[in-house]
Each structure stands twice: as C-alpha cells, then as structure tokens.
Amino acid sequence: MAHDLTHEDEPIPILQRGQELIDRLNLVGDIPEASPPTYSSMPRIGVALGGGSARGLTHIPFIEAMDELGLKPATIAGTSIGALIGAGWANGMSGKELREHAISVLGTMRIIAARLWGAQIRNIGGLLQNGFNMQLDAMRVVDAFLPAPFPDDFAELQIPFYVVATDFQSWHQAVFNNGQLKPAIAGSIAIPSLFKPVRFANHVLVDGGVVNPLPLDQAGECDILVGIDVNGDPSEALQRADFKAIDVWFGSAQIMMHSLTAHMMAAYPPDVYARPHLSSFGALEFWRVKEILAAADKEKDHFKRHLSNKVEQFIMQTGETTRAGD
C-alpha cells in the first residue's frame, strides 16, 4: 500500500500535473516533435464504495476530492449506501451536487420521515424507539432519495457501474451492471430485518454488506484501485458497557463487515485506501448528515495527497516504459 505524500501544499489538478510530467518526459528524450499528451496517458481508476449505513455519507467528501484533482473514475462499484451514492456519481453528479442533494433530503428527521412515509409518520425517532416493528420497502427508499429524474437502466449511466447485493437463497453475492438499475440498488441497501428482501432477476436480495462490504473485486480492472471503507471502527465501543439491542445488532454487523473487508483487501489490495473515523455516529443517524460530512472533510487533504502521489507514479512509470520500448 502506498505511503502518504509529505508535502502540505494543495494539489494542482491532476490532469494539469499529468500533462506537465508527460511534457517533461518528452523533453528528456529530446524528441523533436513530441505528440501532445492525451487522457489515455492517465491511469484508469477503479473506485469501490463500501457499505456503512449513515456513515456511508462520508463517501461524498472523497468524491469531491477526486473532482478537485480533476479525476474521473473508469469504474465504480458500490455496496449498500455505496451503491446508492455511487449511482448518482456514475450518472454524472459531482461531489458538490451529491453533498447538496444529501443535505436537502436528509437534513432533519421530519424530512426523512416525510419522504419515506408521507403523512403516516412525522417523526422517525418514534420508529427507532419502537424497535423497527415496520419493515421498509427498499424500492420506495431508492425512489425517495435518488434525485429525479434518474435513469432506469445501467446503460444510461455515464460511468460503468457495478452494484453488489446478497442472494439470500444461494448465500453468494449478486453483481449487477446491466439491465434495470433501481431494483439492483434496492437489493443492495436492503438491510436484513429493517428492509423487506427485494425479489429481482430470479434472486431474493438483501444488503450487499452481508457478503461483500467493500467491493474491491468489482472495481479491480484498473491501474489504480481506490477503496473507501465507511464501516467505522470500534474506538468508542471500547469505552462502553451499556449497549442497547440496536447497538448490538448493528455493532455485530460492523464486526462481520470488518472481517469480510480484511479478507477482500488481502485478495485485492487497494492502491489508495480511506477509512474515516466515524465511531461517534450511529448507523441510522442520517439526519446528522452535516456533522458526518464535516467529519470526513478533515480527511480529504490526506486522501488527495495519497491519490495524487499514485497518479504521478503511474505517469512516470508509463513514460519510462514507453521510452524503454523505443
């Protein structure tokens, strides 16, 4: 895994830096009429967006970081909330647009409840206290929280996109990258017990985090592999002894997802890995969207330095390989 850069200056957009590097390499070779650099000189970046319920909102600052570097992914793979946010990104939304949309639809419990249940329930806090005696319809959630209008088919997206869900019957992951988009996302976010399973494409689907919480394997056909792990960490739990039933439920899921992610990273080591510290946020505290985003904002510069370093290394190595073959 690559080391972080040591300089503290704000990175220049990568496309500009890449062009400067390629120009310098051409000058070193003393080529009379060097052809201008093209986007094909840049690395193909694959991004895996993991699952983590409300903590998954921290994907957005890292998407903004890539925007600020002038980078677009060649492939996006998403699990659970990573699939929901990744769909917007694959459809051409910028990180800034994703942030604005998330705040507009998740800003308060009342807004969330109104989108999910309309006039039936005005306070999602009541639902939380009652222990989830109502199962949510994942398709309704997708329709409620994706911006409108939104594509119905994977083929309409601007960036190749892979959605990971769990097939409850076969115990394996189900990966979708063509055909109907929204049912695939619905299956990927369908947290067991909280959501009804989604029947789609001859599958009974539940949350993708059950089998693959960080889908590095689906974003692996690339030059630089980026993994954004939003599962959180146990730091706050280490100091506690009084856990409610819901804490044990989601905490146990986090432990499972942490173990699965470790195995996935061993098989598909990411070149750039981000794991924001999110222990102070509950799994369903979506209404704390501004606080969650602010927590991840602190880690953007570190991520940008790490990723820009990897891109520069790729450009340099590609230039050296090209010259060695001449």
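Residues numbered from 1 in each chain as written. Predicted model: local features only at pLDDT ≥ 70, side-chain atom pairs only at ≥ 80, totals over all residues. Heavy atoms only, no water.

Going by an unreviewed UniProt entry, the protein chain carries the name Patatin-like phospholipase family protein and comes from Devosia nanyangense.

1. Focus: the overall build of the protein chain
Summing up its helical and strand segments, the protein chain has 11 helices and eight strands in all. Taken across its 326 residues, the protein chain has 50% of its residues classed as buried. Taking the contacts inside the protein chain whose residues are at least 6 apart along the sequence as the reference set, 78% of them involve residues at least 24 apart. Split by element, the accessible area of the protein chain, about 15700 Å² in all, is 54% carbon and sulfur. (Helix = DSSP H or I, 4+ residues; strand = E, 2+ residues; numbered from the N terminus. Buried < 20%, exposed > 50% of the residue type's maximum accessible area, 1.4 Å probe, protein only. Contact = heavy atoms within 4.5 Å. Areas by Shrake-Rupley, 256 points an atom, 1.4 Å probe, with all protein chains shown as cover.)

2. Re the packing of aromatic side chains
Using the criterion set out here, one finds three aromatic pairs in the structure. Relative to phenylalanine 303, the ring of phenylalanine 62 lies with its centre 5.1 Å away and its plane at 70 degrees, an arrangement referred to as edge-to-face. Of this pair, phenylalanine 62 sits in helix α2 (residues 59–68) while phenylalanine 303 is found in helix α11 (residues 300–325), placing the two residues 241 residues apart along the sequence. Overall, the relative accessible area of 3% leaves phenylalanine 62 in the buried class. (Phe/Tyr/Trp six-rings, centres within 6.5 Å; stacked < 30°, edge-to-face > 60°.)

3. Let's talk about the pattern of salt bridges
Across all of its chains, the model carries nine salt bridges by this definition. A salt bridge links lysine 300 to glutamate 68, with the shortest nitrogen-to-oxygen separation between them at 2.8 Å. Of this pair, lysine 300 sits in helix α11 while glutamate 68 sits in helix α2; the two residues are 232 residues apart in sequence, bridging distant segments of the chain. Arginine 288 is the partner of glutamate 291 in a salt bridge, and the nearest nitrogen-oxygen pair spans 3.0 Å. By relative accessible area, glutamate 291 is classed as partly exposed at 42%. One network of salt bridges, with partners in common, ties together Glu64, Glu68, Arg99, Asp297, Lys300 and Lys304. (Salt bridge = Lys/Arg side-chain N within 4 Å of Asp/Glu carboxyl O.)

4. Some details on the side chain of lysine 300
For lysine 300, a relative accessible area of 12% puts it in the buried group. Those residues within four positions of lysine 300 in sequence are excluded, and the remaining contacts are Pro61, Glu64, Ala65 and Glu68.

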